[in-house]
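Given next are the chains, with one letter for each unit.
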Amino acid sequence: MPGPPRLSTSPSCPYIRMPWGLGPLLWKTAVILSLLLSSTALSPTSGQTKIPLEMVKLWADTFGGDLYDTVTKYSGSLLLQKKYKDVEPSLRIQEVDGLELVRKFSEDMETMLHRKVEAVKVLQNLVEATEEADLNHEFNKSLVFDYYNSVLINERDANGKYVELGAEFVLKSNAHFSNLMVNTSLSSVQLPTNVYNKDPDILNGVYMSETLNPVFVENFQRDPTLTWQYFGSSTGFFRIYPVFVSPGIKWTPDENGVITFDCRNRGWYIQAATSPKDIVIVLDTSGSMKGLRMTIAKHTISTILDTLGENDFVNIIATHQEKGESSRTPRQDQQILVLLPQQLFLVLPAPIQYNDYIHYVEPCFKGILVQAHRDNREHFKQLVDDLMVKGVGVVDQALREAFQILKQFQEARQGSLCNQAIMLISDGAVEDYEAVFEEYNWPDCKVRVFTYLIGREVTFADRMKWIACNNKGYYTQISTLADTQENVMKYLHVLSRPMVINHDHDIIWTEAYMDSKLFTSHAQSLMLLTTVSMPVFSKKNETRSHGILLGVVGSDISLRELMKLAPRYKLGVHGYAFLNTNNGYILSHPDLRPLYREGKKLKPKPNYNSVDLSEVEWEDRTETLRTAMINGETGSLSMDVKVPLDKGKRVLFLTNDYFFTDISDTPFSLGVVLSQGHGEYILLGNTSVEEGLHDLLHPDLTLASDWIYCITDIDPDHQKLSQLEAMVHFLTGQDTDLECDEELVREVLFDAVVTAPMEAYWTALALNSSEDYQHVADTAFLGTRAGLLRSSLFVGSEKISNKKFLTPEDKASIFTMDHFPLWYRQAAEQPAGSFVFNLHSAEEPEGPGEPVVVTASTAVAVTVDKKTAIAAVVGIQIRLDFLHHLFWAATQQCSAGDGLCPQSCQDSDLDCFVIDNNGFILISGRPQEIGRFLGEVDGALMTQLLSTGVFSQVTLYDYQAMCKPPNHHHSAAWPLVSPTSTRSRTCCSPATPSTLCLFTRGPSRRPMGPSSAGPAKRCL
């Protein structure tokens, strides 16, 4: 065993250097120890004694040596290194071909999605069954029919009897449906509050769709990987299979008894029901629209916006003329310059000169259409909500402006390149605007005009109807807020007519969205779905030419299940896979954070499903990666990246290789990321099944529960098996129907054999240690690339300081689908044999408590034919009080011949710190400072460390951050603020993205606050 590290002094620099041993972390520890003590000696005040540099060296040398001996002894790192060295001649290291890997993953995903398109042929069965059911059903106005209402399942009245439209269902927890209580023999029906459940149209539609029940069941039996199947009717009812009951779903009535969920507002319905569209909304804001009429008009616009998606483009014009205004002659000879999202410039002919009575609700969007993604839709809603009525209505110039915008975008091949429409919202038309339509729309009527008459007055109804009917649109009157939803949805039927008449059953894939059925009880990675959907049309001869849309059928696909086809073990420690759409939005990414915490509750962020790839892979400043993936290209590129760890407190500097390709017949692209160096290699070993099985069954061994070693979630007989149990069944031949990843199974068996001696080593250490040494460490552990985890306790389970460590409650400490453990990722970037340290806090009901343990881990590397791969990472959890004891004991020592130490770290006028390699305090004389960032405790000291190059300031951008808006104060005086609120205000400045600064400067011996030269900015 090599001896402890020794320190040497450079004559040109007063700082202590540690050449090897504990590696960069303890080198930093030694430097910081030297700096903090030397800073006291550099400018001693009266009565102070300068501490000799040799004494500081001795303290650091002693502490470093003792700590090195402790962590190597209790972790068994030298033994594990030896075991891998012993089998090195039989090992081989394989280089990963990133392009081949991404193509393989893409093909597997394509195969799975094609099965879902068998789910679409499964859906085709649904489509045909629904259309045939409608064809064979005669409408019965007096039909009486009882069906199962989703809201009323298993509900009883005051007398204990089942309520009308409710019944008793036997429900069982089903792992395939995320452990919800389901019944797979039938479907049920949900209706929003504004739809009467006994309406003849509803009863006939529900009765007709009863024929889907056997189709649902047959589809699920044919393809057990299917999840939810459903039919959304154009009349508003929603049939879903299987029947399920779960608290907190969106169609459970709220405290007011209102069910707001309407399937016709869902993206999968809207996108399947219509083609992409360009829409200009023209709103009459004249004085006659005041009061309830304006309220209804605003709600109408909001409802229209809810029917748009990321494939649509929109703008809103509010029109009125105040007294004294006059029309100006439009100019057609100007040009405008449009800045597109990809920073390309497009020169368009200028629209007519903007008159005083044409007001774009967003002036920045004058003369253009913008993508109707969620952010823009919500922005429009806020602006419309602030509109005021005034003047008299002047609609003709607003219509001209709307036609001009649509014409320009069509000619420039911009926008949706499909349907175009104008929505006119007014309480009446004083003329028919025939001259406008003759100039811009007749005779071809390429732009449909939909008119919405607001209020109960019908004086101008004929003109509004004439405008719509002569421009291939639709007229409707909206008298109350309750009428809005049903009347707005009618325009979708009109836009779908050409598709319906041609019977184009286009397959639609949606962006990622959150499954409300799973939200209350599952982690964020489980909730994101995509839906494949198709429209359903009427086949009746008497209505075929009218293009009647019956509804939309759909089936959900869990993105988590899709990403399982890119196994973590093939991607390495820092590697990952991600998906995005052809609009540039993230479908799945390990750094996507769709939720935020409000108090004790997790809530979805407003724009969780419209996070752009450039907001997550923000180092792609030229958007080369984003552009290539949007275009569906296949290729690769390299980027230097900063990777935040431990909730942004730490950072790794990596060079990543990005490989990307499209997934055929879908709007999706797949990316695979491998870190250069050890991330490009896989260590391959071999062992017998018998030997591997023997060592696999040790009680200290577990496997990554999120990883797929064997497929267990389809066959009901397999669902009760853990991954380890399934693997044993597979290896012993107990179950020939099990499908397992044979490459991963071989890696697990090999790792189990090589790491097996560690169990005996740790057990012997625990048994032979004296009582004093039982207070050194709680746990020893190791992990391998195959997701194998071994751990051993040195104390009784009741005495463990950090009980969540290595459990599913502490996801940062275990292998998940998204990442390797934190202690593994940090150690992998240190030289082999070097330990990296992390502080952990005790668990408290309200959050993390006082720091109690320190995790130390080191990587074990293997080199074959000049290629190096990480074989495993091993470590221990040291008790913080032992670490303090070790340090204070080391600082009591003096150089030979000095006699009593003139000063030590126990002295009140001397500040001693031990900090980790990210600037967080491990040891301090003041317990309240432990675990805090050094810059917050002693800003002057951190400034000195920055200026001498010991640390460097790193800036990270977090484009997914959410900050609370500043509170409104009625007083003109500026309110008193805390440093935290100041940081939030700075962080939330609209001119700059939210930033996270790891190292900042501040005044000595006080927290960094608003008066600091560079306030710490945190907004997660």
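Residues numbered from 1 in each chain as written. Predicted model: local features only at pLDDT ≥ 70, side-chain atom pairs only at ≥ 80, totals over all residues. Heavy atoms only, no water.

K.L.:
Teacher, can you tell me more about the overall build of the protein here?
P.N.:
Tallying secondary structure elements over the protein gives 27 helices and 40 strands in all. The buried share of the protein, taken over its 1020 residues, is 55%. Across the protein, the fraction of contacts at a sequence separation of at least 24, relative to all contacts at a separation of at least 6, is 71%. (Helix = DSSP H or I, 4+ residues; strand = E, 2+ residues; numbered from the N terminus. Buried < 20%, exposed > 50% of the residue type's maximum accessible area, 1.4 Å probe, protein only. Contact = heavy atoms within 4.5 Å.)

K.L.:
Mind showing me how you'd approach the packing of helix α21 (residues 742–755) against helix α22 (residues 757–768) here?
P.N.:
When two helices pack together, you describe them by how their axes are tilted relative to each other and by the distance separating the axes. Running from N to C, α21 and α22 point in directions that differ by 35°, and their axes come no closer than 5 Å. Where α21 abuts α22, its residues V753, V754 and T755 lie against P757, M758 and E759. Looking at the contact of α21 with α22 residue by residue, the class counts come to four nonpolar, one polar and one charged. (Axes fitted to C-alpha atoms, helices over the stretch in contact; angles between N-to-C directions. Nonpolar A, V, L, I, M, F, W, Y, C, P; charged D, E, K, R; others polar.)

K.L.:
Explanation requested: the sheet that holds strand β28 (residues 650–662) in the structure shown.
P.N.:
Paired through backbone hydrogen bonds, the strands of a sheet run either parallel or antiparallel to each other. Taken in spatial order, the five strands make up an open sheet running β24-β23-β29-β28-β27, and their pairing is antiparallel. Two strands lie at the open edges of the sheet, namely β24 (586–588) and β27 (635–645), each paired on one side alone. For this sheet the average axis-to-axis angle between neighbouring strands, irrespective of direction, equals 35°. Where β28 lies against strand β29 (residues 668–675), seven bridges are found, and the strand directions are antiparallel. If you follow D662 over to β29, its bridge partner there is S669. (Pairing = 2+ DSSP bridges.)

K.L.:
Looking at this structure, how should I read the pairing of strand β33 (residues 788–793)?
P.N.:
Successive residues of a regular strand alternate their side chains across the two faces of the sheet. The sheet contact formed by strand β31 (residues 701–703) and β33 spans three bridges and is antiparallel. Counterpart to L701 in the pairing with β33 is R790. Looking at chain direction, strand β32 (residues 777–784) and β33 are connected through five bridges and run antiparallel. Of the residues in β33, the one forming a bridge with G783 is L789.

K.L.:
I keep staring at α22 and nothing clicks. Help me out?
P.N.:
Since the α-helix turns once every 3.6 residues, residues separated by three or four places project in the same direction. In this model, α22 (12 residues) spans 17 Å end to end at C-alpha, consistent with the 16 Å of a helix rising 1.5 Å per residue. The inward-facing, buried residues of α22 contact α2 (53–75), α3 (77–86), α21, β32, β33 and β36 (867–879). (Expected span 1.5 Å × (residues − 1).)

K.L.:
So what exactly am I meant to see when it comes to the pairing of strand β22 (residues 549–558) here?
P.N.:
Of all 10 residues in β22, 10 are buried, a share of seventy percent or more. Where strand β7 (residues 229–233) meets β22, five bridges bridge the pair, whose relative direction is antiparallel. Bridging across to β22, Y230 finds its partner in G554. Relative to β22, strand β21 (residues 528–537) is paired through nine bridges, and the arrangement is antiparallel. Residue pairing for β22: S533 is matched across the bridge by G554.

K.L.:
For this particular structure, what's the right way to read empty space enclosed by the protein?
P.N.:
Here the idea is plain: a probe the size of a water molecule rolls over the atoms and shows the empty space left. As enumerated under the stated definition, the model contains six cavities of 30 Å³ or more in all. By volume, the second largest cavity is sized at about 100 Å³. Forming the boundary of the second largest cavity are L683, L684, G685, E747, F750, D751, T784, R785, A786, I870 and A871. Contributions of two or more residues to the lining of the second largest cavity are made by β30 (681–684), α21 and β36. With three residues, α21 is the single largest residue contributor to the lining of the second largest cavity. Within the lining of the second largest cavity, the residues separate by chemical class into six nonpolar, two polar and three charged. (1 Å grid on protein atoms, 1.4 Å probe; cavity = no way out; pocket = protein on both sides within 12 Å on 5 of 7 lines; lining within 4 Å. Points joined across faces, edges and corners; volume = space filled by probe spheres on them.)

K.L.:
How should I be thinking about the sheet that holds strand β5 (residues 180–183) in this particular structure?
P.N.:
Taken in spatial order, the three strands line up as β4-β5-β9 in an open sheet, and their pairing is antiparallel. For this open sheet the edge positions go to β4 (172–174) and β9 (243–245), each flanked by a neighbour on one side alone. Shown here is a sheet whose adjacent strand axes are inclined to one another by a mean of 50°, direction ignored. Alignment of β4 against β5, held across three bridges, turns out to be antiparallel. Residue S173 lies in a different strand from β5, and its bridge partner there is M181.

K.L.:
Honestly, the packing of helix α19 (residues 689–696) against helix α20 (residues 723–732) in this entry has me stumped. Any pointers?
P.N.:
Close contact between α19 and α20 brings their axes to 11 Å; oriented N to C, the two are set at 155°. One finds that α19 runs roughly antiparallel with respect to α20. Crossing geometry of α19 relative to α20 is assigned as left-handed. Across from V689, L693 and L696 in α19, the residues of α20 making contact are L724, M727, V728, L731 and T732. The residue inventory of the contact of α19 with α20, partitioned by class, reads seven nonpolar, one polar and no charged. (Parallel < 35°, antiparallel > 145°, perpendicular 65-115°, else oblique. Left-handed = near helix turned anticlockwise from the far one by under 90°.)

K.L.:
Quick question: what am I supposed to make of the nonpolar core here?
P.N.:
Grouped together as the largest cluster of nonpolar side chains are 97 residues, with contacts concentrated most on Y147, L625 and Y658. Sequence-distant contacts of Y658, that is, excluding residues within four places in its chain, are made with Y576, F578, E617, L625, G635, S636, L637, M639, V641, V672 and V673. Of all hydrophobic cores here, the second largest spans 89 residues; its members include Y709, W762, A786 and V862. (Core = buried A, V, L, I, M, F, W, Y, C linked by side-chain atoms within 4.5 Å.)

K.L.:
Looking at this model, I keep getting lost on the state of the cysteines. Mind explaining?
P.N.:
Following the criterion strictly, the structure yields one disulfide and no others. Across a sulfur-sulfur distance of 2.0 Å, C710 and C740 are joined as a disulfide pair. What sets the handedness of the C710 and C740 disulfide is the S-S torsion sign, and at about 105° it is right-handed. Within this pair, whereas C710 is found in the loop between β31 and α20, its partner C740 is found in the loop between α20 and α21, the two being separated by 30 residues in sequence. (Disulfide = S-S within 2.5 Å.)

K.L.:
Any chance you could explain unusual backbone geometry here in plain terms?
P.N.:
Note on backbone geometry: most residues besides glycine have negative phi, and most peptide bonds are trans. Going from Y241 to P242, the amide bond is cis rather than trans, its omega being 0°. If you trace the backbone, P242 turns up in the loop between β8 (238–241) and β9. Of note, the bond from W442 into P443 is cis; its omega dihedral lies within 30 degrees of zero at 5°. Within the element layout of this structure, P443 appears in the loop between α11 (434–440) and β17 (448–454). Of note, the phi angle at K472 is positive, near 55°, even though the residue is not glycine. The residue K472 is located in the loop between α12 (461–469) and β18 (475–478) in this model. You will see that K647, though not glycine, has its phi angle at about 60°, which is positive. Along the chain, K647 turns up in the loop between β27 and β28.

K.L.:
Just checking my understanding: could you explain the environment of V361 for this structure?
P.N.:
Within the fold, V361 resides in the loop between β14 (358–360) and β15 (370–371). Spatially, the C-alpha atom of V361 lies 9.8 Å from that of K381, the residues being 20 residues apart in sequence. Discounting residues that sit within four places of it in the chain, V361 has contacts with I316, A318, F380, L383 and L387.

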